[in-house]
Amino acid sequence: MEKETLITDEFLSRFTNGDELFDFLGQVQKRGIEKLLEAELDVHLDYQKHGKSDNGNARNGHTTKAIKSKFGESVIKVPRDREASFDPIVVPKRHNMIDGIGKVIISLYSRGMSNTDIENQILDIYGIKVSPTAISRITDTVNEDIVAWQNRPLDPIYLVVWMDGVVFKVREGSKVTNKTIYLAIGLRKDGLREILGLWLGKNESASFWLGVLTDMKARGVQDIMVTATDNLKGFAEAIISVFPQSKTQICVVHQIRNACRFVSYKDRKPFAGDMKPIYNAPNEEAARMALKDLSDKWNGKYPYAIKGWENNWDNLTVFLEFPLEIRKIIYTTNLIENLNGQIRKYTRNKMSFPTDAAVTKSVFLAVKEATKKWTRPVPNWGLLYGQFSIIFEERMLKDTNN
């Protein structure tokens, strides 16, 4: 029977304080890494130590390397081969950071900490000096993950897709310019929410959204039942050109805000109260009567506030075609605006970004952090799915995954 090694009270009593135990664990890690490196070389050479090589390559002594980990800095022995073709996985060439510290740095960066703040945090906690340049290099390792994530296949059908943009300041040469991260959240047939992608462009425009929608289609999306967007000019037309059967709901909350922009401060409260019967109406006919009442009362004073409702009426009232449960999730883009707020929280320490890649990296990590809890279906999912299945029965049956 294999003997089991136990950490006993007697063993632990030899350490008089936490620092001694910490140093001991650092030595255990150092020895463990050196053993792993020797095992890696065995596999690379295809023969055990003290054995014979069949391919001409062989061991060639050791070199030393300073590494950094949560146990501080230490010097390890790294085995070499004659052909210098051995590239360890545990501690790769040109890397001196053990994975645990790298993950901590990426985690701190994803929560919005600046490189300088991370440098100070690592120094305070682990006693390790990591330069801002090294921190940038470590966080850059997620770039490959971003490319793979952005190009992954998507589901054939999404019941709802919410779309919106977030503006960031990015340096271009000697200037700082505004750029937009375009985001799309899809509601899948299992009730889970999924970030479909993030795309970087200049000022938000319908033409750029057309490219986003085309990319989503190229990655496998065949149909979207309902899209929820702001009232950007030409947005609805861009959606229809790629997904012609999709119904586009313009965010009612955006419309309310836009209408109030044309209303004097003293009249905003009564004006907002008179808009409520429109979006609280039981059906489209009642909503249209409420709009007429609003127009009769306010059109003479605030024609542009009324005009916004009239010009976007068809897309503002799509939600009235659906049962109450579906209305609640499509008449506003609150879901994606809440995500945007989380992204802002994690990136607020960065007044501007040095490059396009830097803002994309920060937003990607912020999105991963903000969506960690998206592990359950949306509330009332059973009821919602049943309603979607009845309303869009034929289109949902076309899902090639079924």
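Residues numbered from 1 in each chain as written. Predicted model: local features only at pLDDT ≥ 70, side-chain atom pairs only at ≥ 80, totals over all residues. Heavy atoms only, no water.

## Points about the layout of surface pockets
Volume-wise, the second largest pocket comes out at about 300 Å³. Every residue lining the second largest pocket is counted, 15 residues in all, and those nearest its centre are Lys328, Ile329, Val378, Pro379 and Leu384. If you list the elements that add at least two residues to the lining of the second largest pocket, you get α14 (324–330) and α15 (334–347). In terms of residue class, the lining of the second largest pocket is made up of seven nonpolar, four polar and four charged. (1 Å grid on protein atoms, 1.4 Å probe; cavity = no way out; pocket = protein on both sides within 12 Å on 5 of 7 lines; lining within 4 Å. Points joined across faces, edges and corners; volume = space filled by probe spheres on them. Helix = DSSP H or I, 4+ residues; strand = E, 2+ residues; numbered from the N terminus. Nonpolar A, V, L, I, M, F, W, Y, C, P; charged D, E, K, R; others polar.)

## Concerning the side chain of Asp267
In this structure, Asp267 sits in helix α10 (residues 265–279). For Asp267, a relative accessible area of 10% gives the class buried. If we ignore the near neighbours within four places in the chain, the residues touching Asp267 are Trp298, Lys301 and Tyr302. (Buried < 20%, exposed > 50% of the residue type's maximum accessible area, 1.4 Å probe, protein only. Contact = heavy atoms within 4.5 Å.)

## Digging into the pattern of salt bridges
Overall, the coordinates contain 15 salt bridges when judged by the stated rule. Between Asp267 and Lys266 there is a salt bridge; the shortest N-O distance is 3.6 Å. For Lys266, a relative accessible area of 63% puts it in the exposed group. Residue Lys292 pairs with Asp296 through a salt bridge whose shortest N-O separation is 3.1 Å. In this pair, Lys292 and Asp296 both sit in helix α11 (residues 284–298), four residues apart, roughly one turn of the helix. Given a relative accessible area of 52%, Lys292 falls into the exposed group. (Salt bridge = Lys/Arg side-chain N within 4 Å of Asp/Glu carboxyl O.)

The values are spatial; any link to function lies outside them.
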